[in-house]
Every structure is written in C-alpha cells, then in structure tokens.
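Tertiary structure, described
Chain by chain, the residues run as shown.
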Amino acid sequence: MNILILAQNLALRLSLAIALFAFFSGSVEAQHHSEILATDYGVSVDSADNTMALRRALKACDGLKGDRVLLLPEGKLRFSTEGLGGARSILEIVGSSDITLDGQGATLLIKGDPSNMKFFDVRDCKNLHFKNFRIDCELPMAAQGRILSFDGDGRIELEIDPKFPLPDGQHVESIVDCDPDEGLFLANIDLYSSAIKSITPLADNRYQVNFKKISSTENEDRFRDLHELESVMPGHRIVMRFYGYGGSAFHIINSDDVSFEDVTVHSFAGMGILASMSGDFSLNRFNVKPPEGSGRLISVTKDAVHLSHMRGKVKMNDCHFQAVGDDALNVYAKMRNVYRLIDSHTVEMIFDRNRGWQGPTPRKGEVLNFWRAESLEHIGKAQVTEAYWNSGAKRFLVKFSDPLPAGVSKRDWVSSELYLAEVEVSNCTFKGMLARAAVFSTNKVVFRDCEVEASSYSGILLTAGARHEMQGPAPRDVRIENNHFIGTGGAAIFGYIIVPRPSSSAMDQIVIRGNHFSEDVEMSKLRLKHRRPEWLHWSAAICLIGGSNFELSDNDFSGYQTSAVYDHVSRLKVEGNRSESTSRIVLNNGSGTFADDNENLSVDVGAEDIDWELRYLGITR
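Residues numbered from 1 in each chain as written. Predicted model: local features only at pLDDT ≥ 70, side-chain atom pairs only at ≥ 80, totals over all residues. Heavy atoms only, no water.

What follows deals with the pairing of strand S18 (residues 279–288). Across eight bridges, the pairing between strand S16 (residues 256–265) and S18 is parallel. Bridge pairing in S18 places Asp256 opposite Gly279. Of the strand pairs in this sheet, S18 and strand S20 (residues 311–317) are connected by five bridges, and their pairing is parallel. When the sheet's bridge partners are listed, Ser282 is paired in S20 with Lys315. (Pairing = 2+ DSSP bridges. Helix = DSSP H or I, 4+ residues; strand = E, 2+ residues; numbered from the N terminus.)

Once their charged atoms are close, side chains differing in charge can pair, the charge on each being opposite to the other. Applying the stated criterion across every chain yields a total of 23 salt bridges. Among the ionic pairs, Lys431 bridges to Glu182, the shortest N-O distance being 3.0 Å. Taken together, the positions of Lys431 in strand S30 (residues 429–431) and Glu182 in the loop between strand S10 (174–178) and strand S11 (185–192) put the pair 249 residues apart, joining distant regions of the chain. Overall, the relative accessible area of 19% leaves Lys431 in the buried class. Notably, a salt bridge pairs Glu522 with Lys525, separated by 3.6 Å at the nearest N-O pair. You can see Glu522 and its partner Lys525 sitting in helix H5 (residues 521–525), three residues apart, about one turn around the helix. In this structure Glu522 comes out as exposed when scored by relative accessible area, which is 53%. With relative accessibility at 38%, the residue Lys525 sits in the partly exposed group. (Salt bridge = Lys/Arg side-chain N within 4 Å of Asp/Glu carboxyl O. Buried < 20%, exposed > 50% of the residue type's maximum accessible area, 1.4 Å probe, protein only.)

Mapped onto the elements of the fold, Phe485 is located in strand S37 (residues 484–486). We classify Phe485 as buried; its relative accessible area is 1%. Sequence separation of Phe485 and Glu519 is 34 residues, and the distance between their C-alpha atoms is 8.2 Å. Residues in contact with Phe485, not counting those within four places in the same chain, are Val452, Ile460, Ile480, Ala492, Ile493, Asn515, His516, Phe517 and Ser518. (Contact = heavy atoms within 4.5 Å.)

This paragraph deals with the sheet that holds strand S24 (residues 346–350). Around the barrel, six strands lie side by side as S23-S24-S27-S26-S25-S28; this closed barrel has antiparallel pairing. Ignoring which end each strand starts from, the neighbouring axes of this sheet average 45° apart. With five bridges joining them, strand S25 (residues 367–371) and strand S26 (residues 378–390) adopt antiparallel strand pairing. Directly across from Trp371, in S26, lies its bridge partner His378. (Axes fitted to C-alpha atoms, helices over the stretch in contact; angles between N-to-C directions.)

The next point concerns the side chain of Ser255. The topology assignment puts Ser255 in the loop between strand S15 (248–253) and S16. Assessed through its relative accessible area of 0%, Ser255 is described here as buried. Side-chain polar atoms of Ser255 contact the backbone nitrogen of Asp124, separated by 3.3 Å. Excluding residues that lie within four positions of it along the chain, Ser255 makes contacts with Val122, Arg123, Asp124, Cys125, Met277, Ser278, Gly279 and Phe281. (Polar contact = N/O pair within 3.5 Å; in protein donor to acceptor, adjacent residues only side chain to side chain.)

So, on to unusual backbone geometry. Looking along the chain, the bond that leaves Gly472 and enters Pro473 is cis, with omega of 0°. Inspection of the secondary structure puts Pro473 in the loop between strand S35 (471–472) and strand S36 (476–481). Within the chain, His568 stands out as a residue other than glycine whose phi angle is a positive 55°. Within the secondary structure layout, His568 lies in strand S43 (residues 562–575).

What follows covers the nonpolar core. By size, the foremost hydrophobic cluster in this structure holds 154 residues, and its most contacted members are Phe120, Phe130, Phe250, Phe286 and Phe321. When near neighbours in sequence (up to four residues on either side) are disregarded, Phe120 contacts Leu91, Ile93, Leu101, Leu108, Phe130, Phe133, Ile135, Ala249, Phe250 and His251. Counting residues in hydrophobic clusters, the runner-up holds 14 residues, among them Val338, Val347, Ile379 and Ala382. (Core = buried A, V, L, I, M, F, W, Y, C linked by side-chain atoms within 4.5 Å.)

Another aspect to go through is a negative patch on the surface. Among the surface-exposed residues, Asp554, Glu575, Asp596, Asp597 and Glu599 lie close enough to one another that they form a single negatively charged patch. Among the secondary structure elements, Glu599 is positioned in strand S46 (residues 599–605). Judged by relative accessible area, Glu599 falls into the partly exposed class, the value being 46%. (Patch = residues over 30% accessible without salt bridge, like charges linked within 9 Å, V, L, I, M, F, W, Y side chains within 5 Å. Areas by Shrake-Rupley, 256 points an atom, 1.4 Å probe, with all protein chains shown as cover. Lys, Arg positive; Asp, Glu negative; His and termini not counted. Charge placed at Lys NZ, Arg CZ, Asp CG, Glu CD.)

Turning to the packing of aromatic side chains, a few remarks are in order. Enumeration over the complete set of coordinates arrives at 22 aromatic pairs. Between the aromatic rings of Phe120 and Phe250, the centroid separation amounts to 5.1 Å while the plane-to-plane angle is 5°, which identifies the pairing as stacked. Pair noted here: Phe120 is in strand S6 (residues 118–123) and Phe250 is in strand S15, with a separation of 130 residues, a long-range link. Here Phe120 matches Phe250 in class, with each residue buried. Seen from their ring centres, Phe250 and Phe260 are 4.9 Å apart, and the 80° between their planes marks the pair as edge-to-face. Of the two residues, Phe250 is situated in strand S15 and Phe260 in strand S16; the sequence distance between them amounts to ten residues. By relative accessible area, which is 1% here, Phe260 ends up buried. Ring-pair connections join several aromatic residues into one group, and the members of that group are Phe79, Phe119, Phe120, Phe130, Phe133, Phe250, Phe260 and Phe286. A cation over a ring is seen here: Lys410 above Tyr339, with NZ or CZ 5.3 Å from the ring centre. (Phe/Tyr/Trp six-rings, centres within 6.5 Å; stacked < 30°, edge-to-face > 60°. Lys NZ or Arg CZ within 6 Å of the ring centre and 35° of its normal.)

Taken as a whole, this structure holds zero disulfides when the rule is applied. In this structure Cys319 is a free cysteine whose sulfur lies 4.2 Å from that of Cys428, the closest cysteine sulfur available. (Disulfide = S-S within 2.5 Å.)

The subject of this paragraph is the confidence of the model for the protein chain. A low pLDDT means the predicted coordinates there should not be read in detail. For the protein chain, per-residue confidence averages 88 on the pLDDT scale, and 89% of positions sit at 70 or higher. Considering only residues more than four positions removed or in separate chains, one finds that residues 17–31, a stretch of pLDDT under 50, has three contacts. Contacts from residues 614–621, a stretch scored under 50 in pLDDT, to residues over four places away or in other chains number 46 contacts. (pLDDT = per-residue confidence, 0-100.)

So, about the sheet that holds strand S14 (residues 237–241). Adjacent strands of a sheet pair through backbone hydrogen bonds, lying either parallel or antiparallel. Ordered by their spatial adjacency, seven strands build an open sheet running S11-S10-S14-S8-S9-S13-S12, and the pairing between neighbours is antiparallel. Each end of this open sheet is capped by a strand with a single partner; those strands are S11 and strand S12 (196–201). Direction aside, the axes of adjacent strands within the sheet are offset by 30° on average.

As a further point, take the pairing of strand S44 (residues 578–588). The pairing of strand S42 (residues 556–558) with S44 spans two bridges and is classified as parallel. Of the residues in S44, the one forming a bridge with Asp556 is Arg578. Sheet topology note: the S43/S44 ladder contains five bridges and is parallel. When the sheet's bridge partners are listed, Tyr566 is paired in S44 with Leu587.

Printed below as a string of structure tokens:
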C-alpha cells in the first residue's frame, strides 16, 4: 500500500514538473516571439485618426522583452497631421529594439498638410523591421496637365487636368515637363519657385506661367536652347509639384539593422526614406511608385531612398522605383575642408558651404583621409584622438594621434572611413526618375541585374567634390554588371570629380561589364540632348572623368554615335564590347589597352577636347 501511494506521489510530482516546464517554456517562447495586436490599443479601419492609438501600441511593445511583432489590421488606416501640437512627426520610435511592424497588407493614409512631416521618426534604434504595408497621402503632391503653348522667352500656357487641379493659392515648388504619352519626366524645363514670376489663371483650367530671366551666362544659354523647343513643347504633359524637401515617410537617425520588406510608398511630400548615421540596412521589395491605374505622374517629391553617412552594408533587392521627384537612391557622406592647420597634430575643419547640417563630429579612433583640393589626389590618413564642434564658429576642431600627412594644406578635402557603406543593388527596376536612378559617393558598390529606364539625367551618377553638397569621397571599387539601361536623358553611367583638375587616381576600379545600353530614339527627340550631340556627357552611353583601373567589357550598345567617353583616366581596359551600328569609344588625357574583339566600335585617343562641366539642359533655378 505504501509503495502504491509512493508511486502515485511520484507520478503526481512528475506530471506537475512537466506542466511547470511546459508553462515556463511557453512563457520563454512567448517572451521571445510576442505578438501584439494593434487593435487592442484602438487602431481601427473605422477610426478617423489612428495616430494616438498606434502610438500606444508602439509604447506597449517597448514594455515587453524579446522579439515583438506588432500586427496592424488589414484595410485603410487613417492618420492626421492635425492635432499634433506643433510636432512634425506622426509616429516616433525612439530607443527601441527587436520590433517588427507587420501591416498585413494595410494602407496607411495620411490626411492633412503633409509638408515637412515625418511619418515614422526613428531614432537610436536597433533591429527594426517594417513589412507588408503601403503609405499614401490623401492630398495630391502635384497638379497635372498639358502644355498648350510655349515661348522660350519665358511664357507657358497650360491646361490643367480637373482630376489633378491647381487649388487657389497653392504654392508651386517646381514645374517640369513630361512626355506626351506615358508622362515620364523629360526635364527640358525643371522650373523652381525661385524662377517663377507668376502663375495667372485664364479660363477653363487654363493658366499662364511667366518665369524670370536669370542674368548669368549659363542661364542665358538655356534660354537660347529653349527657343529651339517652341515647336516641340506643346502637347507635353506637365507636373506642378507642390512640395520639395522637408519631409520623409521614414526618417531614421543613428539606428542599425533596419529592414523593409514588401513596403510601398505611393506618395509623400519629400522623401521615401531619409537615413543618416545608421548602418546595415536591408530593402527587399521596397517600392516607391504611384498606385496602379491612378493616373499620377509623381510619387514622392524628392529622393526615394536618401542615405548619408551610413555604416556597414546597404542591400536592396527586387525593389521598384517609378515617377520619383529626384533620385531613386543616393548614398554618400559629406566631405569637409581643412580650414586651419593649428599644429602638426591638430586642424580646424569646415563644411565649405557653411549651411545646413554639418555632418557628424568625428569620433575617437575614427580614421580620416585627406585629399588635394584641386585634384582629389589622395594625400594620406590620420586617426582621431579628440574632436568637438564649435557651434559659434561653425567649425570642427580635430586632434590626431600621429602627425598629419605631409603636404596637407588649407582647403584640402577630408573624408571619413567610418561612413563608407558597402552597397549592393540587385534585380531592381527604375523607371522615370526626375533626376537619376542612383548616385554613389562611397566605396564597394555592386549594381547588377537591374533595369533603368527614362531617367531625366544620368542613370547612375558616380561623383565627389564641390557640387552636390560636397558629397564624397570619390567612388572606388564599383561593379556595374548585367543591367539594361534604356533611354536615359544623360549618359546612362556618368562619373565625374568636381574639382579644377581631376586626378586620374580620384575614382578607382570602376568595372562596367555585361550591360546593355539602348537609346530611345523617339524619347530623345523630345529632349534637348537630341540637338546637342557634342555634349558627350549627355549623348554618350558612358562618360567617366578622373580615375584609374577602369574596365569596359562585354557590353552591348544600341543607338549611340559615341558609346563611351573617358577623360583623365589611366589604365583603362576595353574588350569584348559590341555596338549594333558603327560607334566609337573616346579616350582623352589618359592611357588604356583596347582588345581587337570590340565589334563596330572604333577607338579615338585624344580625339577632341571635351567640355565636361555638367550642364543641365533646360531651366532649373
């Protein structure tokens, strides 16, 4: 009997132990994979404004440990820019980690004035994931219509589409022309508000735009160019942007391990993603494009993805960008200038234009590189021991562990090795950018298996120097492979160093291999570049200025009189390229080797002087 009772007690204790183990194991499992329903905090498709409810749900995530997944209800969720008490952020995620926001197919619709607004304001976070939702704005980003008449002296008559009206008193940030059929940006005019003299209503959705003449040689040249388009511009479609810079759907600062999956931004006043001082980003099927069948000719009003001072790696795969109001992708850091040499170990540095954000203060242990101001020739490097920002003088004081490299002088350029994100872009589609598909001022870039069509300027821009807000450093170790470039407004691949005498060592190891370049003859006829074949940085498929160890191999060219131009380039290798018709490759002020297997491509060495200063064909500011 005692033995039976003992066995029963043992069995009872064993069952209790198993139950307790299962309970605590489940708790630990739940702790590591918590799911939070946003509906439990008031998020609803029936709500006129879900801002406060989603803020509560995000705050609840911070109160839990382990990986958390915040689930939104499927459907249309409305958010208002009103009632924020002057705040310019709708949703803030600050100091959080290990959170996934899963929209489950929801559309996040923003009501009210979207200007200078951040939808997601993310700061000091780690391991954040955004997936399965769309962002759109209730108010349109632009008016749309057609050009009725065009006078190169400064007058345009427009007819506005009633579906995309110009409201009374609406500020117009810029006016740009588009092709008559698909509405892809042409940018024969890219007329900013500073150049608009007046917009006068006529009748029946018709308006007359008068723009200012700007007294400079460059702009006078543009006005002469535009007279050539007086017979061509009528019938072109027109976009009148209401917004420029200022806002972003995702504003991300000092955050790491951030990913996007199946996220689409249909419209926003500003950028899709604006990130800085962050690292290790992954974008899979991140799209910035108007909704299918909407008739909209613009998505975001500025860059789709704008990444400055990034660390680690940036990977983009299977993304789609269309009708973007500037560049689809821009990855860079800001270079600074040596302002004053204090002693052998200390300098003052300044951001040359001395306006806007000055960039991050160098950290202890950070390695800075020095470049000659007139050429971007590399001088040397030094490691930081101490640095601070003098807000009154607007200068950085930086001390180094070792003496400064020999030959460093005032005005020389300075870049950081910390903010050199490696970038990999694959299987992406870029169609109809107002500016470029991608801009790179960083090292270790792979751009492959993408389609780039109808960018108004270049398809890919590789750059460093005084223009473009002192982006830098010069790109190095760049591989552009197996892409298709179709009908870009400028050179499909354009690389240049914006200094007086670009060094042949500025850019390095630029490989262009296995791509197909197709000129769109009909689209070209609608652009000014058709009338300026001597501007080779617009009419050639490739134009690279200032660098060494370049390769051009196994590419196909169709529709180009000049396929590639290289200037101030050393150690160029050209082999296995083909042109559908007779074309040429130009090498000026440089050296290279040319294999015999290039088909229908002659080589002109030192053929002509090239005025490579970038000129925008049309009116800008």
